[in-house]
Amino acid sequence: MKQVSEAVPFIAYGGDYNPEQWSEEVWIDDAQKMQKAGVNLVSVAIFSWAVLEKEEGVFNFAWLDKVLDILHEHGVGVCLATATASTPAWLSANYPDVAAVDQNGQPYNFGSRQHYSPNSPTYKKAVKKLVRKLAERYCGHPALKMWHINNEYGCHVSECYSRYSTAAFREWLENRYQSMDELNERWGTNFWSQRYNDWEEIELPVRLATFYNPGQMLDYKRFMNHAIFQLYKIEKEILREVTPDVPVFTNFMYQFKPLDYFEWAEELDVVTWDAYPDPREGIPYSSALHHDLMRSLKQGQPFLLMEQAASHVNWRDINLTKEPGIMRLWSYSAIGHGADGIMFFQWRQAKAGAEKFHSAMIPHSNSEESRVYQEVKQLGQELKKLNSLVGARTTAKVAIVFDWENWWAVELEGKPHNKLAYMEQIKQYYKVFYDQNLAVDFVRAQDDLSGYELVAAPMLYMIKPGDAENLEQFTANGGTLVVSFFSGIADENDRIHLGGYPAPLRRLLGLRVEEFVPYAEEESKTIVYNGQKAEAFTWTDIIMPEGAEVAAYYEDGWYMGKPAITRHTYGKGKAVYIGTQPESVLLERLLGELASGKHLKAPLHAPQHVEILRRDSDDYKHLIIVNHNDHEIELDLEQGVSYTDLLSGELLESSLCIKAVDVKILRF
Amino acid sequence: MKQVSEAVPFIAYGGDYNPEQWSEEVWIDDAQKMQKAGVNLVSVAIFSWAVLEKEEGVFNFAWLDKVLDILHEHGVGVCLATATASTPAWLSANYPDVAAVDQNGQPYNFGSRQHYSPNSPTYKKAVKKLVRKLAERYCGHPALKMWHINNEYGCHVSECYSRYSTAAFREWLENRYQSMDELNERWGTNFWSQRYNDWEEIELPVRLATFYNPGQMLDYKRFMNHAIFQLYKIEKEILREVTPDVPVFTNFMYQFKPLDYFEWAEELDVVTWDAYPDPREGIPYSSALHHDLMRSLKQGQPFLLMEQAASHVNWRDINLTKEPGIMRLWSYSAIGHGADGIMFFQWRQAKAGAEKFHSAMIPHSNSEESRVYQEVKQLGQELKKLNSLVGARTTAKVAIVFDWENWWAVELEGKPHNKLAYMEQIKQYYKVFYDQNLAVDFVRAQDDLSGYELVAAPMLYMIKPGDAENLEQFTANGGTLVVSFFSGIADENDRIHLGGYPAPLRRLLGLRVEEFVPYAEEESKTIVYNGQKAEAFTWTDIIMPEGAEVAAYYEDGWYMGKPAITRHTYGKGKAVYIGTQPESVLLERLLGELASGKHLKAPLHAPQHVEILRRDSDDYKHLIIVNHNDHEIELDLEQGVSYTDLLSGELLESSLCIKAVDVKILRF
Amino acid sequence: MKQVSEAVPFIAYGGDYNPEQWSEEVWIDDAQKMQKAGVNLVSVAIFSWAVLEKEEGVFNFAWLDKVLDILHEHGVGVCLATATASTPAWLSANYPDVAAVDQNGQPYNFGSRQHYSPNSPTYKKAVKKLVRKLAERYCGHPALKMWHINNEYGCHVSECYSRYSTAAFREWLENRYQSMDELNERWGTNFWSQRYNDWEEIELPVRLATFYNPGQMLDYKRFMNHAIFQLYKIEKEILREVTPDVPVFTNFMYQFKPLDYFEWAEELDVVTWDAYPDPREGIPYSSALHHDLMRSLKQGQPFLLMEQAASHVNWRDINLTKEPGIMRLWSYSAIGHGADGIMFFQWRQAKAGAEKFHSAMIPHSNSEESRVYQEVKQLGQELKKLNSLVGARTTAKVAIVFDWENWWAVELEGKPHNKLAYMEQIKQYYKVFYDQNLAVDFVRAQDDLSGYELVAAPMLYMIKPGDAENLEQFTANGGTLVVSFFSGIADENDRIHLGGYPAPLRRLLGLRVEEFVPYAEEESKTIVYNGQKAEAFTWTDIIMPEGAEVAAYYEDGWYMGKPAITRHTYGKGKAVYIGTQPESVLLERLLGELASGKHLKAPLHAPQHVEILRRDSDDYKHLIIVNHNDHEIELDLEQGVSYTDLLSGELLESSLCIKAVDVKILRF
């Protein structure tokens, strides 16, 4: 198979393209405007099943042949979609099992998109037929660069309660646990008289009288991730067989809980994702976090930004426009974090349908003078100058532990504090490093941590076999580990690690947690760290040091004087435990000190709201500097180094000005 | 057929009357108290099906005969209801298809009211039998003045998802579009793989995985309006056949989106409606708006206020009483806006059932001394003096474009700003004219506008074939047209009018809108109009003038300096475009200037919160002056005109005092 | 049958015990720790059906035999549960009728707990078999002290919409009303065409198009209470037959509306209940209210606190811990209000399942040093000194009328003010007496009131036959009666008592209420009582005195000058009517004056937030003094009386100090 950087040996630029919504004359107009805008890659046929296979077994590729020919003639490559994300009407009408079933036991109706059940036998059969046909038809087409499998798997339907899903769940459980006794033990079914004698007695966790069995619900989430992942693998297998050289991928989403993307990424040739930050957020550090996460999914391999909005979306309550320059700025931020391509949903704004008010590279007016197209064109021309970035890598010395199974488990109901969101805890830690321009990778607790100096594990509730040992080894070898409250509590079946919290981490952290004390909603406490006071929110762990020293203590509450933050020397390293949610200024100070202790610092010193991002290839080093401020800034460059400003071509030394909402790409 | 003013040649006064809830002795008491209270018309048998047809085919009219006789003997006429609004228990029990089906696919149970499906064959058959029986029984009864068909059509069930509704929807679509290709084109089904091969593949837009197809949803709304309208027509046809002379109507509701009352009104002999303003609203200008809308539905023909509360309702969370004098005051406001009758729900407060805490003309105490009955009696006696108002008309020179299909379309999901409510935009414009005592009609964009000087079209999102031409003609002929943001965007199938917004109105307005910029929730901008600053909310259209001149511009935002409001001379008239939602003081100024430019003014100059309403017949002119203030006011009358105060009988000249919460009816 | 005080002749102490979740070695550890903690009673087998009857008809008692033996050997008695609260998986899988059906017509799935339908024939049959087996097995076991029937009946499923429930409802109605005519009259079915010809036409009040028939809904609530009560009686009958000497009970819940506990209590040998006040509430006076209610259910017989949390629960959004000392303090408060036992959910904190984060007497760490176990142990040792309290009674001279049927009726929809909660009205009155340390009983309006001096009946909306006469008799005999607004309105079928509100109480109260005037949400009025102004909220009754004198009047509103509170001399007593919701300071003053007028006072004078509770047996008097303050307090004792401090053994005279969050139990 070709590497992605062979298949697309430039910064990819383009978007989703839906020619079936337009007449042939428009296709020509499209291709010409693409050329002008520097577009070199588009995703075609994502929602084309109904026009590719108009009736069961009757395929119509003529239009798509022509589209691909036109694109190729205009120098535009194609990510060809497998068109399986939305089934045609005839399939739903003829085979009711295609429909996913909702929580009320009712099938979803045809008429929207992606309403199929991941466990429908008919859906899988029809997918196989279509994908093979497509692959065989286009395996030799010169426009074909990559396969775009399905689309945003699980987006609307990540749970299904059909009888097919029930049967598949039972089968998956039997596979996983082999015996009923094992399942009963793992799920703790002696609680509430829930013991099972037979796989056939197990129902899906839906429409229950009250709280579910957490082991069952956790496994249902695993099962649905698995079921959807099978769909991807079915397609991939056929594509690999027919077109062994063509890279494949599907597109991931923002903060998407149902799918374990770490597991998925192993089967993708390139990670791609769809970024739609709400302009109301201001500087989209949540997007930056996800860029870093996406880059981490394949151990640093550059990803593609597969979809973003040229201006506004249409699916929020209020859909703000991106103000002038913002789309360009955020695109460069993506590149800085590791993107090798900038793609949009979509090329041409739709005339009809549910997304007609979603912005596109070409607006409804079809005017080349429109602000949005002008900005699109400018960016496309600029990106042509950045090909030395293709494949260039980010080196991070800081890692944050992030784990989908932990996400599922820690947000199950019945917890001490049920308004805690895992992602919010992750974001709080991420933001500290982001603000300090320290590159961050995301890892799982079982991953190789030897490349990192500082690892933070916020709210790592679930500790699976081997996790504690891996963290111990990292620390013993000299690493600095930070763990926060409500970590180390449960095993992979959400059963308590008995013997005093956080049992598997007690040795490493040098402490025991006797009680959890969640706060009422408006409550806060005062803690003292190195003589300075700070507020603490959300939660107090009652910590009993067993070797750890006290770094901060409570100044109020019935646990006044007890430790809030501890430090424990472990082997050559140290393990810090933060038993509450400190206000951000303290977290910044604390993590900043730990980073300094490891001599970690930003590539350049910069004012607030300026990203300094480094990407290096074998041949070049690059700095991508993104000024999110609405005023000009000045930066000192490293002395004695000569930088090329890739967009202007100028050579730079010693210092640098960047205008408001502007960017510099320096190569050195 | 008789005119309504022949059938009821006086100001109608009375209410819903449900004698089946009471014993025969109470009927006599009722009739006597009605007489004392000046009641001359009641609606009988609205919920009587179960007592009229106790078992299938077994009819029992004896009690109703007696009721009608007693009423007639006491000088009370009857709007006889067809009793079809609520089916009897035996019908639901024996024919399950009668029940409408909810969004979860479950039938509604018997036990409340109006739970039938508009597409139930059994319901239609049973209705035909009952209505014919009733008509034949009472065609010659002297008490019968009009037929009250059904009740508040669509009130609780305006959507049904039964298989009968699915079948009827498919049939309606086939009728409308003739071919699958046409439907696919109109609904834009090449989007999201939604193409249909066969009518049988089409489902109702319910239980979808995500956003619906807007074309489909819009047609579903049209279809349900159609289906319910058929029920009315079925009844009307039988009644016309058996009693060709007796006027028929049904009662409309407040701000009722599911039914296109403009279409319905053509089949009613008189428009009637049920007004239940929440006393928390203060002065009920929303009711005034609806009075004007109801009057407009039949081109100015007076309407009947068919239901109002004597004091409080029972179906809000908190049900406030109408304070002393308020019921009378609001009744006169209704008359001022064009009502020829004031009716209540209901005559006697129920002892049992879901509405027993809804006020009535006779309260639970049955006491003639009760405040409520005293006020009812006073009003009844007063209304006898106002017969010269019967049939008198309002002449409006201002019209507001209001269109149910636009309402349906503009509030479909997936819009740039999904918290925009069409009715709120309409109300904002209406209130300006209301506060200035300028009479307002409501019209559709395709209606004859030649009688108007000033037409406002707020948020006229949908432009149907002929609409733009009609508005152009109105303006070209000298009219002043005001159009507000997000107008002219979509066609009758909610497909974008391509080529630059608002494509069909660009010539008339002399501009192009390049982008929509919805505001975040707390956001506002400053605009400058004739040197004065004002706040703007909700939305900015980025306007590119193409002939229009700038009337106001933005002082902030990234579009600073760009036009917010424009003026365009078109033929003999002018077209004003308001590309945002200005604060009310600016809208008042702007519309006030436009009205002044057309020499439009109030019938009299009045202080705030005083309605001056004019109704003229061939013989008389009337002013209805309603003082909503809690203090006395003084007014100057037109010099040289002699007025008769109809309630006191006094003659008036030059000036006039009106007490707090009081009214004057002047004839001249 | 043994009295409870014979079966458990000491202050009971212990909790729910679920040995089936643990291995046999843990059982020994449990028993030893129980002994150390002073545990003398545990509830076993509450959720053990699936391990007792692993397959249909295959019973396995060996483990339970052993558990009971171990407990007995360690001096721990057992409330043996009948294990019927949660059905085993095989029962649900084999007999679908076991499942209750939800409002959407869908059966609840197996996988949680207590999902059975109270009207399932299979469930009843299986229960009978299991209970008989259990009773026969353990009838002679020396550990068996009492039977714990089922668990928290109705907790999750108190409504069921299965076809079995429909059939049972029809049968229950036929039983109750005998004829269709009677039912039609009681439900007022001539309203909205709701008349029934046949029992088979009646559906459950669910999935209705709009408002339900209140008579039907009220009867549905009665029916579900009845259906669930039958389940209890089925079990009790078998247990009485096999073990006639062993007391039986089930455990009641907090503020639990679906079950009429007054009716149930007649069939319990001892009332027990589960108290889980939210620590956010502060001093849990709502628990105190329920202690008094529970004591009142069996006319003053002491109750058992069957469940409380050692620290936190796990089923709130945020689950606060009980701070040090609080569990002990609240336990003594329960004893003061009439508890003869303090039990916990649960003994040992679960390792898995939905409640693993619910605190227990033994935490996850299993550490004897843990704060929670230390407090548990201390309390257990202390309680051993209090056996003279067993069976001791509270004498109350104040009673509050509380009635489940009134609760159901007054909170049905369609009321003048639909945000009124009956329990909030009750609490407001209760709190006044609680703050003044006046002991309160709860009674129904039809109960014997001769022992009381002062009876308050807040919002007694429903007046059933005999109620008014009973209240009249109480007052005529010298009692002081307080009635608040919206009382005396409806009969037992929620039909209005016609003839002027509150018809059945007009003679007693000496007034007529002409209108209800609910307030908008932020509204309040000023009333004047004895020259002092106070705020009034929520509601104004327009009162027309008919013999009553005015005690307070309105100073604003359109009813300015009209009475807000009246006093009426009736026989030897007086009846006070409070036609609004006065601010608490006025209610305190008013009720305080009425209590003083009856010479009612607290057992001792005490500072704020100190409970003074009196319990007397034939041999001893006791004062339980609970200091909720976080500071020490001092109290004067009655002169000349010699008190024994039961916890310290000291003798006390004249005065007393109690530390912060501490308690004294004095015997004299």
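Anyway, here's the lowdown on the structure attached to this text. The structure presented is a predicted model; accordingly, all values stated were derived computationally and were not measured.

## Quick look at the relation of the copies chain A and chain C
For the match of chain A to chain C, the screw axis carries a shift of 0.0 Å, the RMSD comes to 0.0 Å, and the turn is 120°. Both copies of the chain, as the preceding transformation shows, are related through a three-fold rotation axis. Closest to the rotation axis within chain A is the C-alpha of A:N104, separated from it by 4.3 Å. Looking at chain A, a mere 4% of its interface residues are interface residues in chain C too, so the copies touch through different faces.

## Some details on the packing of aromatic side chains
Summed over all chains, the structure comprises 141 aromatic pairs over all chains. Taking the centre distance of 6.2 Å and the plane angle of 50° together, the rings of B:W404 and B:W407 count as tilted. A residue pair is termed a helical-turn pair when its members lie 3 or 4 positions apart in one helix, as B:W404 and B:W407 do in helix α14 (residues 404-410) at 3 residues. Judged by its relative accessible area of 3%, B:W407 falls in the buried class. For A:K233, the ring lying beneath its charged end belongs to A:F229, and the centroid distance is 4.3 Å. Just above the ring of A:Y285 sits the side chain of A:K431; from NZ or CZ to the centre is 5.4 Å.

## What to know about the packing of helix α2 (residues 24-37) of chain C against helix α13 (residues 371-383) of chain C
Residues and elements named next belong to chain C. Direction vectors running N to C along α2 and α13 enclose 55°, while the axes themselves pass 7 Å from each other. Between α2 and α13, the angle falls in the class oblique. Where α2 abuts α13, its residues K33, Q35, K36 and A37 lie against Y373, V376, K377, G380 and Q381. Of the residues that constitute the contact of α2 with α13, the class distribution is 3 nonpolar, 3 polar and 3 charged.

## What to know about the relation of the copies chain B and chain A
When chain B is fitted to chain A, the best match, at an RMSD of 0.0 Å, comes from turning it 120° and sliding it 0.0 Å along the axis. With a heterologous cut-off of 20% or less, the 4% of interface residues of chain B that recur at the interface of chain A puts this contact in the heterologous class.

## Quick look at the interface of chain B and chain A
With 49 residues of chain B at the interface, the matching set in chain A holds 56 residues. Joining chain B to chain A, the criterion identifies 3 salt bridges. Put simply, B:E515 and A:R371 hold a salt bridge, and the shortest N to O gap is 2.7 Å. Counting across the chain B and chain A interface gives 23 residue pairs in polar contact (both at pLDDT 80 or more). At the level of elements, α9 (214-242) and β16 (511-518) of chain B are the ones that each hand at least two residues to the side of chain B that touches chain A. A per-element tally of the side of chain B that touches chain A places β16(B) first, with 5 residues. In the side of chain B that touches chain A, the residues fall into 23 nonpolar, 15 polar and 11 charged.

## Comments concerning the interface of chain A and chain C
Opposite the 49 residues of chain A that make contact, chain C presents 56 residues. Overall, the association of chain A and chain C removes approximately 4600 Å² of surface from exposure, summing both partners, and the carbon and sulfur fraction of that is 58%. Linking chain A to chain C there are 3 salt bridges. Here A:K419 makes a salt bridge to C:D317, at a shortest N to O gap of 3.6 Å. Run the count over chain A and chain C and you get 24 residue pairs in polar contact (both at pLDDT 80 or more). At the level of elements, α9 (214-242) and β16 (511-518) of chain A are the ones that each hand at least two residues to the side of chain A that touches chain C. Here the element with the most residues in the side of chain A that touches chain C is β16(A); it accounts for 5 residues. Here the side of chain A that touches chain C is composed, by residue class, of 23 nonpolar, 15 polar and 11 charged.

What counts and what doesn't
- Residues numbered from 1 in each chain as written.
- Chains lettered and ligands numbered in written order.
- Predicted model: local features only at pLDDT ≥ 70, side-chain atom pairs only at ≥ 80, totals over all residues.
- Heavy atoms only, no water.
- Least-squares fit on C-alpha atoms with pLDDT ≥ 70 in both.
- Contact = heavy atoms within 4.5 Å.
- Phe/Tyr/Trp six-rings, centres within 6.5 Å; stacked < 30°, edge-to-face > 60°.
- Helix = DSSP H or I, 4+ residues; strand = E, 2+ residues; numbered from the N terminus.
- Buried < 20%, exposed > 50% of the residue type's maximum accessible area, 1.4 Å probe, protein only.
- Lys NZ or Arg CZ within 6 Å of the ring centre and 35° of its normal.
- Axes fitted to C-alpha atoms, helices over the stretch in contact; angles between N-to-C directions.
- Parallel < 35°, antiparallel > 145°, perpendicular 65-115°, else oblique.
- Nonpolar A, V, L, I, M, F, W, Y, C, P; charged D, E, K, R; others polar.
- Salt bridge = Lys/Arg side-chain N within 4 Å of Asp/Glu carboxyl O.
- Polar contact = N/O pair within 3.5 Å; in protein donor to acceptor, adjacent residues only side chain to side chain.
- Buried area = accessible area lost by both parts, 1.4 Å probe.

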